[in-house]
Amino acid sequence: MSAVRTFFLFCALSLLVAVKAENEPINLTLFYETLCPDTRKFVLDELVLTYKSALQSKLILKLVPFGNAKFVADGNGHTNVECQHGKEECYGNRVQACFIVKYSPTISQSLDYVKCMFEKEDWKSTSNTSVKCANELSLNWTVIKQCTDSDEGEKLIEVFGNQTQSLVPKVNWIPWITINGQHDDKMRFEALFGLKTYLCSNHFNNQTLDACKSGSAKAVFSFVVLALVMTTRLFLW
């Protein structure tokens, strides 16, 4: 086979591989907690808009409510969960864990419930917003509450907690995102304030995928803002 034919064959195979990779869905996992302001901003400003766009068919979304919570032994052979923002957060995490795992028919409906709770003015009162949103979305609050208040809800949180605490690298910022099981600083900085643009630039073809043909300027500005916020926090710590 001539060198020219070999070259063109290589190019053709490379193109096929690129197209195949571009058409494969991305596994996007969000590790979060229900009273985290940064999580709230990310969900409302980035995740919902990205997932509800034409990119939805390209994304396999998973929601993991646990965040910076900790397992604490009580000395009597029982392990309790202590949440970063207190008991209301622990309650919200359990409610959402129960709904996501037990009662939500689709991840899209799970995201709708999470979004609804974050949107409320009293979003820090998960004992109220969980009921309000169940009613607004015509969900069976009785069965969700039964799970939340039972050992079943605690076991689901334990599962999500183990998933969160076994991540490599270890979680040091909430919300924490993995894409196809991977996480790095570049992803964190760019995706938190520009998820759609990050996905389009790094996993999809900006030129051929219609859903990727807008919004880059906002992402650049948001990246600068996020960098300043995180740098300031590091100095304050």
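Attention here is on the structure that accompanies the text. Remember, predicted model here, so these are calculated numbers, not experimental data. (Residues numbered from 1 in each chain as written. Predicted model: local features only at pLDDT ≥ 70, side-chain atom pairs only at ≥ 80, totals over all residues. Heavy atoms only, no water.)

**A closer look at the pairing of strand β4 (residues 79-82)**
Basically, it comes down to this: In this description, strands pair whenever DSSP reports at least two bridges between them. Only DSSP runs of H or I with at least four residues qualify as helices, and only runs of E with at least two residues qualify as strands; both kinds are numbered from the N terminus onward.
Here strand β3 (residues 70-73) runs beside β4; their pairing, made up of four bridges, is antiparallel. If you follow Phe71 over to β4, its bridge partner there is Val81. Linkage of β3 to β4, two consecutive antiparallel strands, is achieved through a turn of five residues, within which Gly75 is found at a positive phi near 90°.

**Some details on the state of the cysteines**
Where we set the bar: Only a pair of cysteine sulfur atoms within 2.5 Å qualifies as a disulfide here. Exposure categories follow from relative accessible area, calculated using a 1.4 Å probe and restricted to protein chains: below 20% of the type maximum is buried, above 50% is exposed, and the middle band is partly exposed.
Enumeration according to the criterion identifies four disulfides in this entry. The residue that forms a disulfide with Cys98 is Cys147, at a sulfur-sulfur distance of 2.1 Å. Residues Cys98 and Cys147 share a disulfide whose torsion about the S-S bond is about -80°; that sign makes it left-handed. Placement of Cys98 in helix α3 (residues 87-103) and of Cys147 in helix α6 (residues 141-148) is noted, with a sequence separation of 49 residues between them. Across the disulfide from Cys116 sits Cys133; the S-S distance is 2.2 Å. Between Cys116 and Cys133, the S-S torsion sits near -90°, and that sign places the bridge as left-handed. Placement of the pair is Cys116 in helix α4 (residues 107-119) and Cys133 in helix α5 (residues 126-136), with a sequence separation of 17 residues. Owing to a relative accessible area of 6%, Cys116 belongs among the buried residues under this scheme.

**So, α6**
As a reminder, the rule being used: This arc is built from the directions going out from the helix axis to the C-beta atoms. Whether two residues touch is decided by their heavy atoms; if any such pair falls within 4.5 Å, the residues are in contact. Polar contacts, as used here, are pairs of N or O atoms within 3.5 Å; protein pairs need one atom able to donate a hydrogen and one able to accept it. Residues neighboring in sequence count only if both atoms are side-chain atoms.
Among the residues making up α6, those that are buried are Trp141, Ile144, Cys147 and Thr148. Buried residues of α6 fall within an arc of 130° about the axis and therefore sit on the same side. Its buried side turned inward, α6 meets α3, α4, α5 and α7 (151-165). Capping the start of α6, Asn140 holds a side-chain oxygen 3.2 Å from the backbone nitrogen of Thr142, two or three residues further along.

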